[in-house]
Amino acid sequence: MNNILTTPDPVTTHWDCPECGGTGTLSPEICPVCLGAKYIDLPTITNWMLDFMESRGCDRAEIDRLRTESPDPLTLTFCLEVCIALK
């Protein structure tokens, strides 16, 4: 018998900062999103993705509804891909 993991890995609570790519800096400046921490928490990544969707011209009413629902980032990634595909 071997030690095979039978349950999925737990969802990570910290994500590499999407603005700086997990480096903590943008050029010589400290990253304004993660403030040099290199990673961001779930609420911050959610807000970043919603702001990014808004900057790409996604439907404002849909984004406002997503803000109140607090979806996980994987759901937001899907919504962003659909929004961009429809553009």
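Relevant structure appears above.
Computed from a prediction, not measured in an experiment: that's the story for all the values here. (Residues numbered from 1 in each chain as written. Predicted model: local features only at pLDDT ≥ 70, side-chain atom pairs only at ≥ 80, totals over all residues. Heavy atoms only, no water.)

### As for unusual backbone geometry
Positive phi, close to 55°, is recorded for Leu-35, a residue that is not glycine. Along the chain, Leu-35 turns up in the loop between strand 3 (29-30) and strand 4 (39-41). On the accessibility criterion, Leu-35 (66% relative accessible area) is exposed. If you check the backbone angles, Lys-38 has positive phi at about 75° while not being a glycine. Along the chain, Lys-38 turns up in the loop between strand 3 and strand 4. Given a relative accessible area of 43%, Lys-38 falls into the partly exposed group. (Helix = DSSP H or I, 4+ residues; strand = E, 2+ residues; numbered from the N terminus. Buried < 20%, exposed > 50% of the residue type's maximum accessible area, 1.4 Å probe, protein only.)

### Structural notes on the state of the cysteines
Applying the stated criterion to the full structure yields 1 disulfide. Here Cys-58 connects covalently by a disulfide to Cys-83, the sulfurs 1.7 Å from one another. Judged by the sign of its S-S torsion, about -110°, the bond between Cys-58 and Cys-83 is left-handed. Residue Cys-58 is located in the loop between helix 1 (42-55) and helix 2 (60-69), and its partner Cys-83 is located in helix 3 (residues 73-86); the two are separated by 25 residues in the primary sequence. Overall, Cys-83 belongs to the buried group, its relative accessible area being 11%. You can see Cys-20 has no disulfide; the closest cysteine sulfur is in Cys-34, sitting 3.8 Å from it. Among the residues examined, Cys-20 registers a relative accessible area of 9% and is labelled buried. Overall, Cys-34 belongs to the buried group, its relative accessible area being 8%. (Disulfide = S-S within 2.5 Å.)

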